[in-house]
Each structure stands twice: as structure tokens, then as C-alpha cells.
Amino acid sequence: MDKNKLLRNKNTILIAILIAIWMVWWPHVFHRSTSAATTPHKVHVAFGFHVNLYHSFRGDTNDENGFGQDIRVIRHTIRELDRFNHRGIPVKAVWDFDNLFSLQDILPENAPDIITDVQRRVRGNKDDVILMSYNNGMASAMNHPEFISTIERAISNEEGSGIRDLFGRVAPVVRPQEMMTTPGHFERYKEFGIEYAALYYSATPFDAFRLFSRELTPTEAYNPVTYKNPDSGEQIVIIPTYHAGDLVENVSLRNWVEKLHMRQTEGEIDRDVLIFINFDADAEFWTGADLPWYLDWLPNTGGIGQLIDSIADLDYVSFSNLTDYLATHPPVGSIHFNQDTADGSFHGYHSWAEKAYASDYWTRIVRNRRAFQAVKSFFSDTGETAMPESLEQLMQRSFETRLRALSTTNFGLAGPFLARQRETAMADLLDVLDGYTDQLHHHLSSHLRSKMESATPPNTPSIKGRLVDSFFLLHGIHYEGQTGDRWLTFTLPDQKSKGSAYFLVNTGGETIPAFLEKTVPHENALSVSVTLRVSKRHLMPDGLYFLFHQDDSPHTSPNGQPFADERTLKNEFIHVVLNDRGHIDRVMKDGRLKLDAGSLVPYIQYKGERSLPERLTVSVVEHGENGVASIRIHGHWNGPKKTTRAPGWVDYNLRVMQGVPYLFIDGEVKYPDTYRQDLLYPEKPMLARKIDAGWEAAAPLELRFSIPANREKPFFIHKRNYLGKESAYPVDYYRHSPENLNVDGINNHITAAYVGVTTAGQGMAVAMNTGVNANFAFCPFKMEYLPETESFAISANPFGTYHGDQLVPPTRGNRQGYEVVRLTAPQLKSAGPTYNGYHDRFDVMVSFFEGDTIPECVKGDLMAFANRPLTIGTSAAKESKKEIRNPLSPAGFMAMPYKNGILFHWE
């Protein structure tokens, strides 16, 4: 297309947009506003500014590439608010801040005037300051101590950056960072006097709960409503909250308030209403666009000044804050939803959890939690000995570092990549955290080693075997209800690992059988990693144990003995059938189909086409004689044609065990590496980077559940969070719109250990071994509508990402706000490009069961598989860490003009 034709097309599109806006806007120019005399009810308007100067898509510099934009926009907003107040227009602001990064680190050094000005406005103009999150943290993925600490410190802390410390009072409202909530939050908020939660009820894809609850009435949609959770029993009052996209959805703020007031005068709404608009304080939306004079009339383009001006003359409009409105307006209805909320892509956790590197980050955070809790458990909970002061200080530094690492910014809302400076900062932060984790392990090992070396097993006649090791078992992360089989991992010298029969002996002389699951050689050829399974029938509290090996005692019987060959893997419960290409043909449980063909084989969606390994090799690792049958599936992955610069590879192990009704899959995948030809942020050289935007989805081991659902019996997603709260939610979003029959991404489930799906009395669940690879929302789902049978199919994608069409929430507007957000919001982009050339590993357990809920015994096994005890033995090597190796040369190079020189980037 020639340049002139391109310009003509652009002008045509612009003219069409302006005509469309004019047709909607022009009638309202001459519309005569209804007088307040016809009704006593008012339309209250509150403006909320979400302040967080620590960004995933910008760096840590005081310029437009970093937090300098925040400072510029916030100062503009304060000047505008002051200007209107001086004119006698009593507009107020509702501020929410993160404390650690913004109020404590950045603003005091770079813009202390902002804090001073907000303090002044709180005193003199009745601005509100509500709570957000101390560390702008991933609240829904925090454990109890972390979550409580962030609430306490957001209110008041030793550094003086708490809301009460700086502003004298705290409005009893929380605006959760990134709208993240999960069952258990609300009861904890209320313990601190927080009675209200502001959550997006938006008609756009940037939403918290509109799609998940029943549709609110017009009165409820603009008033506080009571949230009641029938599972957890908690309650809180929710303030339906809106943002810039909803202004476009309603044409303009003036049009919005006029429509609401018309409903008041007509009696459809019989009380006051509140439009609470809360949006990022750094958004250029508040400053407005630099348009020529003849386009100044365009709504939503003139910043905060235009918004206030557009309604200041209406006598039925009241500029409010939240505190005053809530004091005189009680809740008007009751709602409930069970989804874990977040305002990312697909109304969920896609934007943080599904980037490839999110699992790398989270695995290291979980590793630190595990070591921290093991030390705490041994020294504090058991009371065996007092914790040394030096170790207490180390524990505190470790906790503080972990709070910083838990910032949502470090996982990134905008996608698909973090800003380079954020990547570097997070890498440095996690290196520090790893250092603390290693030191905690070292302190614990040093304290216990002398006990183990001097310990001797009790003199028990029944002990017939060779002592392999003595070890301490510490549960570390342990959740209530975690009652399943135990999975113990030991590092042993190679010569002590031959054979399959092991048993444990405690200090009381009790013998505990331990069944070998797998043996993996370490990089150091002199040692191996041995994983043993201990039945849930044997209690194993924290303490000292002895590991014995029994050379001549097989623990299998012919009945139900597992079996493996190149086309079959089975035990008395599970039956896996493979085809001649090394792909899974089907997986059955008790003779009934559970997983469809194509499951467990990696693929990527690339420019609308599916790429997967064409042929894989299957070899038998364990035939089943020792109670374990396993196969290895491995081979090359050529990748998309004409664009792959290096192929990938697959190396998976599938295993079953005698008497165990689960399928286990562990392995590694190296995704193909493709050329990067697309440029992100070309207008900002400091943020620019080359990617291959052709990557749309990645699935390392998709589970294609074979049981269909229908409208009467929808799929339910079952989940358990880090507070130990269990819940389930239906995937029935088609009740709001037929466009939601197909759901391309479902991730509203925090996963501390596992996630499950049920329908029609059949279910499937998958757990992750968090010691190998962990993610706080590790398993997105995808639902497909099958019109020929009017049924639905669902697939699970552990450690992968889906992408596609966004969900459609109900609206009373024009759908333009929805389209604007869908087309422009960077957080809605696919995480697929982060998997380009990525090397991943995992270890998962898959369960199939009967019933509409996960049976308690299965839950116990899922949790035990995910959260394994820490075993510290005399032969123990340093706990392995996930390492990413890439022998390829850099994938791209850029040289871009920057200031008075050239900026160079390597990919």
C-alpha cells in the first residue's frame, strides 16, 4: 500500500470515529438537564487515584521511562483539584497508595510535595485516603503471616509510611492491589476495622466481579452491597467501582449522571447513587490529550478538568468522598461469588501467573517460605531450643525481602514482558532471597548435623536392613487437611541407592515402610536423588528418623502389578494408551475414558496454527516388577516452519505405582526458539524490545478432560488458596452473553497445591510438586462449546498459557468502552511470547474421581504431593534450584537513538 493511500485510509477511519462519537454525543449537547426539584435523590461522584510508582512496564528512574510520569500526572491532578476548590466547587479525591515503594522509598526522595499536598487536602478538602497494599503485593497468593503483615503495615509501620502515620486517619475501605481477593481476605480485613472493599464492577475486560455475580440492579450497581460467602462465612460490604473504560461505555460523565438521574426521577432508582471512578494515578487520562481546539469538545479527552467541568453545573450532582457517602448510605442488596478476583486478562490471573518466568520467580519464593517455616517450626513451635539472635535477624531480613519480591509489579500486569530494569531488579532481589534461603538451610543443617551424626537407631529386633542415612524431617509448609501419602526426597551416595525396598525407623523403634517412586542422578555422578512414598497410615511428626535399605525384600505382588511397554502404561487403576507416534491416544481410570487423545503432548499456538512434536520416542524405564512402571517420552520439536532458528525438545516421564490410583508426569521441555521481528514500545527506547508476537498459547502437558458438561450441569473449578480456604465456582458465563459459550482463558483460582474440575458427578484434579516448579495460579483452563451436542468440553493447561477472545460482561452502555479496552489494554496481550525458546521442568500428579467435589482422601494426597516435608540428612546436598540455560546466541539486537546518543539492546 502506498503512503498516500495509507494516509487516506487513516483519515477515513478517524472521520468515521468522529462521526460515530458525534452522533452519540450531539443530542446530549442540547439535552436539557432534569432539575433536582423533581426528586430529592442525588448523583454523587467520587474520583479515586490509585498511586503506585513501582511499575512492571517502566523502570525506576525519575523520567518518562520510569516514575517521572507518575509524578508529573499526580502533580497535575492536585493542581486541577485545587483550582476547582478555589472556584468553590467542592470536588474531593480518594487516594490509595502502596506504602513500601511509593510512600516510603520513592516519593520522599523525589516528590515529597505530593505527600505534603495530599496531607493538606485531607485536612482542608476532605480527601479520603483508603488502604491498598503495603507492598502493592499479590495479596491473594500470600500466606497468613504475609497477608496480616501487609494490612498492619499499610495502616501503620515503624518506617512511618502507614496511612495513619502520614495522613492521620484511614478510611475503612480497601482497594485491593490489582483487585486481587480470595476467600479468607474479607474476614481478615474486618479484624482491622476495614468494613468495605472497592472492587471494579466494570462493563469492560478490566473488571473484578461483574461477570461472576448475578447482575446488579441499577440501584445496587451504584451503591454499597453486602458480600456474603456461604462457604467461608465471611462478609464485607463491596463498593461497585468504575474506571476510564466505563466513561467511554457511557459516552461521557455528564451523559452517565444524566441517565442515572433520569432513572431517579422516573422512580426506577429510589435513592441516591454513587459513581466511584478509580483509575491509575499515573494515567495520561487524567491530564488529557493534546487535541486541536476544534476537537476540545470530544468527551473523555480533557483530563480531570474536563470531567469536573462537565457536571459542575448540575444541581443534582454532589462531589463526594467515600467516607461521607458510606456514613449515610447502607448496603442495598446482597451478592456472592467464589472466584478469586483479579483485573487481568480474562478477568483473572493470566496477566501475572501465565508468563513463563512467573513460575521461575514463584518457585524461588516458595523455596524461601519453606525454609523459613522449617526453621520457625523447629526452633519456635517445637520449643526444642531457643532460636539464636543472629538467626532471628536473618529470619527477619528474609521475610522483608520476600515481601518486596511478592509485589505484583515483579510479575507484571502489562504484557508480555517486564521492563528491562524491572527484570534486572527482580533478578537481583531473588538472588538476595536465595542467599537468605541458603543461609536458613545452612543454619538448620548445622544445628541438626551433630544430632544426626551422634544418633544411633534403637535396638529393635525387627530391623533387618542396611542403615543408609539418618535424617530430620521438618514439614515446613503444612496445611490443615494435608493428610495424604508423604513424599520424601533424599540425596544419597550412589552406591547406597541400589534396589527398591526402603523403610524408616523413628526414635521409638517403629518401622515405617517406604516405597521407591523414582531415582534421578544428580549432575554430580557420585550422588542420586531418591524419592520415597510413605503411606498416610503412618504418622510422621517432625523429628529424627533413620533410613534403611532392604536388599532382598520386594514389596510387590502379582495382583495388580504395574506394567509398561512402548504402547501401554498401567496399574490396577490407570491405563495410558499411546499411538505409534509416541503421542497419548487416551487415558482411562477404572476402564472409563478420562483424557482424550492429544493430552500430555506439548504444543504451541503460533499465528493461528498449532505446532507440536511430530513424532516422539517411547522407552520403558521401569517395567513394574518393583511396584513402579514408568515410560520415557522424548524427542525433538522442530517448531513453526520458516521462523524457527533453533528446534526444541521434549523429555517426559510418566509413571504409575501399585496400589496408587494416580498418574504422575515429570520432565522437561525446551520450546522452539523463533526469530524475533516485532518491536514493543518503539517510541520509548529504554523500554523497547524485540519479540515474536506470533506466539499465542503454550501448553506443555494439556489435560483434555473427556467428560462433557451442559447448561444444566456446568463445569465447576475447585481450588484451595494459601489461607487454607477451599471453594469452587461454575464456568457458566454464557448466562450473561452467548458470546461466552467459548471461554478461551479461565484462571480465577489461586493454587497453593492443586486445582480440580467436576461435572455430572465426575472429576479431575492436578497438583504440582512445588519443590520442582511452582506457580500461584499454575493451571489455566479453556472451555469449548460443541453446538452439535449442545455440550461443553474443557482442557487444563498446567504451567502453560491460553489466549483468545475476552469474556463479555453485561452492560447498560454502548459497548464502546469494552472495545476500547479490548483493543488497547496491554494487560490483555498474550503471554505466549515469553515461552519462545524457554526451558521448563515440572512434576505433577493427576487424579480422577467420582463425585461433584474432590474427595477428602484425594485432597490430602494432592496437598501432600505438592508440599513435601524438608528432609535434612547427613548425606544431603544443597537443595537444587531451577536453572535456565540457553546456549544460543542473542536473539536480536537493536540500536535506537536516545537523548544525545545511541542505546543498544540485546535480546
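Shown above is the structure to which this text applies.
This is a predicted model, so every value here is computed, not measured.

> Help me out: how do you make sense of the overall build of the protein in this one?
A tally of regular secondary structure across the protein gives 18 helices and 44 strands. Burial statistics for the protein: of 907 residues in total, 60% are counted as buried. For the protein, long-range pairs separated by at least 24 residues make up 75% of all intrachain contacts whose partners lie at least 6 apart in sequence. Just so you have it, the protein exposes about 34400 Å², and 52% of that area is on carbon and sulfur atoms.

> I would appreciate a short explanation of the side chain of Ser-398 in the present structure.
If you trace the backbone, Ser-398 turns up in helix H15 (residues 389-405). By relative accessible area, which is 0% here, Ser-398 ends up buried. If we skip the residues at most four places from it in the chain, Ser-398 touches Asn-368, Phe-372, Leu-433, Tyr-436 and Leu-440.

> In this structure, what is going on with the sheet that holds strand E38 (residues 762-768)? I would like to understand it.
Note on sheets: strands pair through backbone hydrogen bonds, and any given pair is parallel or antiparallel. Judged by pairing direction, the sheet is antiparallel, and its nine strands sit side by side in the order E24-E25-E27-E28-E41-E38-E37-E34-E35 without closing on themselves. Looking at the sheet topology across the chains shown, the edges are occupied by strand E24 (617-623) and strand E35 (726-730). Geometrically, the sheet is characterised by an average inter-axis angle of 20° between neighbouring strands, direction not taken into account. Here strand E34 (residues 716-720) pairs with E35 via five bridges, running antiparallel. For Ile-717, the partnering residue across the bridge sits in E35 and is Tyr-729. Sitting on the sheet, helix H18 (residues 856-866) touches strand E28 (660-670), E34, E35, strand E37 (754-759), E38 and strand E41 (839-850), and the angle it makes with E41 is about 170°.

> Can you help me understand unusual backbone geometry in this one?
Working note: non-glycine residues mostly have negative phi, and peptide bonds are mostly trans. Positioned with a positive phi, Val-251 is a non-glycine residue whose angle comes to about 75°. When you line up the elements, Val-251 lands in the loop between helix H9 (244-249) and helix H10 (253-265). Val-251 gets classed as buried once you look at its relative accessible area, which sits at 13%. A positive phi angle is found at Ala-760, which is not glycine, with a value near 50°. With respect to the helices and strands, the residue Ala-760 is situated in the loop between E37 and E38.

> I would appreciate a short explanation of helix H3 (residues 99-110) in the present structure.
Residues spaced three or four apart along an α-helix face the same direction, because each turn holds 3.6 residues. Inspection of H3 places Asn-99, Leu-100, Phe-101, Ser-102, Leu-103, Gln-104, Ile-106 and Leu-107 among the buried residues, and these make up the whole buried set. Taking the backbone nitrogen of Phe-101 as reference, a side-chain oxygen 2.8 Å away marks Asp-98 as the first, capping residue of H3.

> Would you explain the packing of helix H5 (residues 144-155) against H15 in this entry?
The angle between the axes and the distance between the axes are what describe a pair of packed helices. Relative orientation of the contacting elements H5 and H15 amounts to 80°, with a least axis distance of 11 Å. As summarised for this structure, H5 and H15 are arranged roughly perpendicular, according to the angle between their axes. For the pair H5 and H15, contact is made by Pro-145, Glu-146, Ser-149, Thr-150 and Arg-153 and by Gln-396, Phe-399, Glu-400, Arg-402 and Leu-403, respectively. Taken together, the residues that form the contact of H5 with H15 break down as three nonpolar, three polar and four charged.

> Please clarify how the pattern of salt bridges should be interpreted in this entry.
A pair can form between side chains of opposite charge whenever their charged atoms are brought close. Under the counting rule described, the total for this entry stands at 52 salt bridges. Among the salt bridges present, the one from Lys-719 reaches Asp-340, with a minimum N-O distance of 2.9 Å. Pair noted here: Lys-719 is in strand E34 and Asp-340 is in the loop between strand E10 (334-335) and helix H13 (350-353), with a separation of 379 residues, a long-range link. Comparing Lys-719 with Asp-340, the two get one shared label, buried. In this structure, the salt-bridge partner of Arg-704 is Glu-702, at a minimum N-O distance of 2.8 Å.

> I keep staring at the pairing of strand E5 (residues 196-200) and nothing clicks. Help me out?
Consecutive side chains along a regular strand alternate between the two faces of the sheet. For E5, a buried count of five out of five residues is recorded, marking the element as mostly surrounded by other parts of the structure. Because side chains alternate across E5, one face comprises the buried residues Tyr-196, Ala-198 and Tyr-200, and the other comprises Ala-197 and Leu-199, equally buried. The β-α-β motif built from strand E4 (residues 173-174), the intervening helix H7 (residues 185-191) and the parallel element E5 has right-handed crossover chirality. Across five bridges, E5 lies against strand E7 (residues 235-241) in parallel orientation. When the sheet's bridge partners are listed, Leu-199 is paired in E7 with Pro-240.

> Explanation requested: helix H4 (residues 112-124) in the structure shown.
With 13 residues, H4 should reach 18 Å at 1.5 Å per residue; the first-to-last C-alpha distance of 18 Å fits that figure. Within H4 the residues assigned to the buried category are Ile-114, Ile-115, Val-118, Arg-121 and Val-122. Mapping the buried residues of H4 onto a view down its axis gives an arc of 130°, with all of them on the same face. Opposite the buried face of H4, at more than 90 degrees from it, the exposed residues are Arg-123 and Gly-124.

> Before we go on, may I ask you to explain the nonpolar core in this structure?
A general feature of soluble globular proteins is that nonpolar side chains tend to end up buried together. Ranked by size, the top nonpolar core spans 211 residues in total, and within it Phe-47, Trp-95, Trp-286, Trp-362 and Phe-776 carry the most contacts. A per-element tally of this core places helix H14 (residues 356-381) first, with 13 residues. Beyond its immediate chain neighbours, meaning those up to four positions away, Phe-776 contacts Met-138, Ala-141, Tyr-349, Trp-352, Ala-353, Trp-362, Phe-411, Tyr-722, His-749, Ile-750 and Thr-751. With 19 residues, the next largest nonpolar core counts Phe-664, Tyr-754, Ala-765 and Ala-864 among its residues.

> Any chance you could explain the side chain of Asp-843 here in plain terms?
Considering the arrangement of structural elements, one finds Asp-843 in strand E41. The class of Asp-843 is buried, set by a relative accessible area of 2%. Within the structure, Asp-843 has its side chain in polar contact with the side chain of Lys-518 (distance 3.5 Å). Beyond its immediate chain neighbours, meaning those up to four positions away, Asp-843 contacts Lys-518, Arg-655, Ile-665, Asp-666, Ala-767, Met-768, Asn-769, Val-772, Phe-865 and Arg-868.

> Explanation requested: the packing of aromatic side chains in the structure shown.
Two descriptors summarise a pair of aromatic rings, namely the distance from one centre to the other and the angle between the planes of the rings. For the structure on display, the rule yields 42 aromatic pairs. Pairing Tyr-222 with Tyr-242 gives two aromatic rings, centres 5.2 Å apart and planes at 20°, and the pair type is stacked. Placement of the pair is Tyr-222 in the loop between helix H8 (218-221) and strand E6 (225-228) and Tyr-242 in the loop between E7 and H9, with a sequence separation of 20 residues. Considered together, Tyr-222 and Tyr-242 belong to a single accessibility category, that of buried residues. Aromatic pair Trp-487 and Phe-865: ring centres 5.8 Å apart, planes at 85°, arrangement edge-to-face. Note that Trp-487 is positioned in strand E12 (residues 486-493) and Phe-865 in helix H18, a separation of 378 residues in sequence. Taken as a pair, Trp-487 and Phe-865 share a single burial class, namely buried. When the ring centre of Phe-84 is taken as origin, the NZ or CZ atom of Arg-83, which lies over that ring, is 4.5 Å away. A cation over a ring is seen here: Arg-868 above Phe-865, with NZ or CZ 4.6 Å from the ring centre.

> Looking at this structure, how should I read the sheet that holds strand E32 (residues 695-699)?
With respect to topology, three strands assemble into an open sheet ordered E23-E22-E32, the strand pairing being antiparallel. Pairing within the sheet leaves two strands with one partner each, and these edge strands are strand E23 (609-611) and E32. Neighbour-to-neighbour, the strand axes of this sheet turn through a mean angle of 20°, independent of strand direction. As paired strands, strand E22 (residues 603-606) and E23 are joined by three bridges and run antiparallel to one another. By the bridge assignment for E23, Gln-605 is matched with Arg-610.

> Hey, could you run me through the pairing of E7 in this one?
Among the seven residues in E7, six count as buried, and that is most of the element. The loop that links E6 with its antiparallel partner E7 comprises six residues; one of these, Gly-233, has a positive phi angle of about 80°.

> Would you mind going over the environment of Leu-100 with me for this structure?
Tracing the backbone shows Leu-100 in helix H3. For the pair formed by Leu-100 and Ser-133, sequence separation is 33 residues and the distance between their alpha carbons is 8.8 Å. When sequence neighbours within four positions are dropped, the list of residues in contact with Leu-100 reads Asp-105, Tyr-134, Asn-135 and Arg-404.

> What's the story with the environment of Val-248 in this structure? I'm lost.
The residue Val-248 is located in helix H9 in this model. A relative accessible area of 24% means that Val-248 is categorised as partly exposed. Between the C-alpha atoms of Val-248 and Glu-819, which are 571 residues apart in sequence, the distance is 9.5 Å.

> I'm lost on the packing of helix H2 (residues 68-86) against H4 in this one. Help?
Axis separation between H2 and H4 bottoms out at 11 Å; the angle between their running directions is 30°. By the angle between their axes, H2 is roughly parallel relative to H4. For the pair H2 and H4, the sense of crossing is left-handed. Along its contact with H2, which presents Ile-71, Ile-74, Arg-75, Ile-78, Leu-81, Asp-82 and Asn-85, the element H4 presents Asp-113, Ile-114, Asp-117, Val-118, Arg-120 and Arg-121. Here the residues of the contact of H2 with H4 sort into six nonpolar, one polar and six charged.

Cut-offs and rules
- Residues numbered from 1 in each chain as written.
- Predicted model: local features only at pLDDT ≥ 70, side-chain atom pairs only at ≥ 80, totals over all residues.
- Heavy atoms only, no water.
- Helix = DSSP H or I, 4+ residues; strand = E, 2+ residues; numbered from the N terminus.
- Buried < 20%, exposed > 50% of the residue type's maximum accessible area, 1.4 Å probe, protein only.
- Contact = heavy atoms within 4.5 Å.
- Areas by Shrake-Rupley, 256 points an atom, 1.4 Å probe, with all protein chains shown as cover.
- Pairing = 2+ DSSP bridges.
- Axes fitted to C-alpha atoms, helices over the stretch in contact; angles between N-to-C directions.
- Polar contact = N/O pair within 3.5 Å; in protein donor to acceptor, adjacent residues only side chain to side chain.
- Parallel < 35°, antiparallel > 145°, perpendicular 65-115°, else oblique.
- Nonpolar A, V, L, I, M, F, W, Y, C, P; charged D, E, K, R; others polar.
- Salt bridge = Lys/Arg side-chain N within 4 Å of Asp/Glu carboxyl O.
- Right-handed = clockwise from strand over helix to strand, strands pointing away.
- Expected span 1.5 Å × (residues − 1).
- Arc of directions from axis to C-beta.
- Core = buried A, V, L, I, M, F, W, Y, C linked by side-chain atoms within 4.5 Å.
- Phe/Tyr/Trp six-rings, centres within 6.5 Å; stacked < 30°, edge-to-face > 60°.
- Lys NZ or Arg CZ within 6 Å of the ring centre and 35° of its normal.
- Left-handed = near helix turned anticlockwise from the far one by under 90°.

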